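Observations on chain architecture
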Amino acid sequence: MSSAPATPGAPRHDRRRIWIAAAIGIPVSAVFAFFAIRGADLGAVWRTLQDVHPLPVLGAVACMG
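Let me begin by describing the structure that accompanies this report.

Cut-offs and rules
- Residues numbered from 1 in each chain as written.
- Predicted model: local features only at pLDDT ≥ 70, side-chain atom pairs only at ≥ 80, totals over all residues.
- Heavy atoms only, no water.
- Helix = DSSP H or I, 4+ residues; strand = E, 2+ residues; numbered from the N terminus.
- Buried < 20%, exposed > 50% of the residue type's maximum accessible area, 1.4 Å probe, protein only.
- Salt bridge = Lys/Arg side-chain N within 4 Å of Asp/Glu carboxyl O.
- Patch = residues over 30% accessible without salt bridge, like charges linked within 9 Å, V, L, I, M, F, W, Y side chains within 5 Å.
- Areas by Shrake-Rupley, 256 points an atom, 1.4 Å probe, with all protein chains shown as cover.

1. Some points on the overall build of the protein chain
Helix and strand counts for the protein chain stand at 3 helices and 0 strands. Seen in sequence order, the protein chain has helices and strands lined up from the N terminus as α-α-α. Looking at the protein chain as a whole, 2% of its 65 residues are labelled buried.

In structure tokens:
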């Protein structure tokens, strides 16, 4: 059986599940983001980003999509 897509009039328990998932997922994502950039030289990252050519980046993003 497949469940129906969420609609604006969705049952209250579906909205509650979304809030619980967000309350858990957002802090967990923040912790992992901290671990990912911990120890990175943010100045070097910024200098690298300033030298990026946008067209190849857009092409790569399009290919990923």
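2. Concerning the pattern of salt bridges
Tallied over the entire structure, the rule returns 1 salt bridge. Put simply, D14 and R17 hold a salt bridge, and the shortest N to O gap is 3.9 Å. Residue D14 and its partner R17 are located together in helix α1 (residues 12-37), separated by 3 residues, close to a single helical turn. According to the relative accessible area criterion, D14 is partly exposed, its value standing at 27%. You can call R17 exposed: its relative accessible area is 56%.

3. Some thoughts on a nonpolar patch on the surface
There is a patch of nonpolar side chains on the surface, built from I37, L42, V45, W46, L49, V52, V57, V61 and M64 and spanning about 900 Å² of accessible area. Only α2 (42-50) and α3 (54-64) provide two or more residues apiece to the nonpolar patch. Tallying contributions element by element places α2 first for the nonpolar patch, with 4 residues. Relative to the helices and strands, M64 resides in helix α3. The class of M64 is exposed, set by a relative accessible area of 68%.

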